[in-house]
Amino acid sequence: MLRLPQLQVARPRTVEEALALLGGEGALPFAGGTDLLPNLKHRLLAPQTLVSLAGVEGLSGVSVDPGGALVIGATTRLHEVAEHPEVRARAPALAMAAGLVASPQIRRMGTLGGNVLLDTRCRYVNQSAFWRKSLGHCLKKDGAVCHVVPGGQKCVAAASNDTAPALLTLGASLTVATAAGTREVPLESLWKPDGVYNRRLAPNELVTAIRVPAQAAGHRGAYLKLRPRESFDFPLLGVAVRVDAAGGVVQSADVVVVALQAVPRRVTGASDELAGKALGTQELEAAIVAVGARAHQQCRPLPNVPGDPDYRREMVPVFVRRALRAAAG
Ligand SMILES: Cc1cc2nc3c(=O)[nH]c(=O)nc-3n(C[C@H](O)[C@H](O)[C@H](O)COP(=O)(O)OP(=O)(O)OC[C@H]3O[C@@H](n4cnc5c(N)ncnc54)[C@H](O)[C@@H]3O)c2cc1C
Ligand code: SF4
């Protein structure tokens, strides 16, 4: 049995108290703990204090601001995000993605903030300390080599958070509280291509909310994922799409893929192919096939997560086409 290390758990009641605690040496925020606790058991992290966000006032719940933006508290459970009528109506891709994370039990513990800030994953690192030591440590933790890309100088562990690509297609941002004040961080600039730590956010900064701006008229979206067990697993591939079709004609579109590398990847040229095509026409279907071909050309899965990379690559256009048809249908 894998055991947790000895550590302190602090239970602040306000954002200010949480920030003061996070300013201390070796402190980390702790939301649902569904990613953090397995990583602690695997000795991938060694904090001295976990700052529980469970009792912090004002961090949970879904609301719509006067401009029509969704404001989702960082500790809102994934189950609530998936089921909330305003999220389903205004950001269908996000509701679908939240509803496809892990299993029902984990979605009732795991939070949207924790999902956005999920650590990268790799078949060679999400293992016990004994397993990793036996193989030889790698760049992500305690070593100097990469087992995925021999000779590689950069960790390519995969961004594996299902909600990340959906939030990117929606133009979402994070509200981040720090000791120096609050700032808004567009998700476009959050991730960096370094699997050791792929977020441009210090571990002691606190995400208080996720903001999804009001979408264009005729907004549609979808998220689909490939995984070994439909009931449970992380994505081997995840595809989020946005199709804005005012008056039945596509005005603009976006496609973002996750679980390839350390950052979610946007498929370029999707809007060029789809814009101007009327819903339900052969012309649109041909454009959807063309976007799938672009995605196949641009996306090259690595052997960083389970699943044969060639198979995962062949599934890229299949899932892009299915997601676009689901959104446009
Ligand atoms: C068996 C299993 C299957 C899983 N399958 C999936 C899957 O299919 N798809 C998927 O995306 N995930 C999956 N997960 C991972 C995890 O359950 C989810 O990503 C979940 O949303 C994480 O949220 P959490 O609240 O539990 O995060 P935590 O574990 O509490 O935190 C995750 C990280 O975010 C930081 N953090 C959390 N909240 C904040 C905040 N407000 N501000 C600043 N930092 C913060 C923590 O310090 C930590 O680094 C799975 C986990 C397990 C155990
Ligand atoms: S991608 Fe390479 S360096 Fe990163 S966790 Fe995997 S084996 Fe380690």
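Residues numbered from 1 in each chain as written. Chains lettered and ligands numbered in written order. Predicted model: local features only at pLDDT ≥ 70, side-chain atom pairs only at ≥ 80, totals over all residues. Heavy atoms only, no water.

### Here we look at the packing of helix α11 (residues 282-298) against helix α12 (residues 309-328)
Here α11 crosses α12 at 145°, and the two axes come no closer than 8 Å. The element α11 and its partner α12 pack so that their crossing is right-handed. Mapping the contact onto sequence places L284, E285, I288, V289, V291, G292, A295, H296 and Q297 in α11 and R313, E314, V316, P317, V320, R321, L324, R325 and A328 in α12. (Axes fitted to C-alpha atoms, helices over the stretch in contact; angles between N-to-C directions. Helix = DSSP H or I, 4+ residues; strand = E, 2+ residues; numbered from the N terminus. Left-handed = near helix turned anticlockwise from the far one by under 90°. Contact = heavy atoms within 4.5 Å.)

### A look at the site of ligand 1
The local shell around ligand 1 holds 31 residues, among which P29, G33, T34, T111 and D162 are the closest. L36 has a polar backbone atom sitting 2.8 Å from an oxygen atom of ligand 1. D162 has a polar side-chain atom sitting 2.6 Å from a nitrogen atom of ligand 1. For ligand 1, the protein covers 92% of the area, taking 970 Å² as the surface of the free molecule. (Near = heavy atom within 4 Å. Polar contact = N/O pair within 3.5 Å; in protein donor to acceptor, adjacent residues only side chain to side chain. Areas by Shrake-Rupley, 256 points an atom, 1.4 Å probe, with all protein chains shown as cover.)

### Section: the environment of D194
Among the secondary structure elements, D194 is positioned in the loop between β7 (181-186) and β8 (206-212). Placed 68 residues apart in sequence, D194 and A262 show a C-alpha to C-alpha distance of 5.9 Å. For D194, the residues in contact, after removing those within four places along its chain, are K154, C155 and A262. Only 3.0 Å separates the side chain of D194 from the backbone nitrogen of V196, close enough to count as a polar contact.

### Overview of the sheet that holds β8
Strands sit in the order β4-β5-β8-β6-β7 across an open sheet of five strands; the sheet is antiparallel. Every other strand in the sheet has two partners, leaving β4 (62-64) and β7 as the edge strands with one partner each. Adjacent strand axes in the sheet meet at a mean angle of 25°, parallel and antiparallel pairs treated alike. Two elements, β4 and strand β5 (residues 70-73), share three bridges in a ladder whose sense is antiparallel. Bridged to V62 within β5 is I72. The strands that helix α1 (residues 15-22) touches are β6 (173-178) and β8; relative to β8, the one it contacts most, it runs at about 125°. (Pairing = 2+ DSSP bridges.)

### Focus: α12
With 20 residues, α12 extends 28 Å between its outermost C-alpha atoms, agreeing within 8% with the 28 Å of an ideal straight helix rising 1.5 Å per residue. The sharpest bend along α12 reaches about 30° and sits at M315, with the proline P317 one to four residues further on. (Expected span 1.5 Å × (residues − 1). Bend = angle between axes of the 7 residues up to and from the residue.)

### Topic: the pairing of β8
Taking burial as the measure, the seven residues of β8 include six buried ones, the bulk of the element. As judged from the four bridges shared by β5 and β8, these two strands associate in the antiparallel manner. The partner of L70 across the bridge, within β8, is V212. Here β6 pairs with β8 via five bridges, running antiparallel. If you follow T175 over to β8, its bridge partner there is A209. (Buried < 20%, exposed > 50% of the residue type's maximum accessible area, 1.4 Å probe, protein only.)

### Side note on the domain arrangement of the protein
When cut into domains, the protein gives domain 1 (1-56) and domain 2 (229-328). On a C-alpha basis, the centroid separation for the pair domain 1 and domain 2 is 36 Å. (Domains from an automatic or database assignment.)

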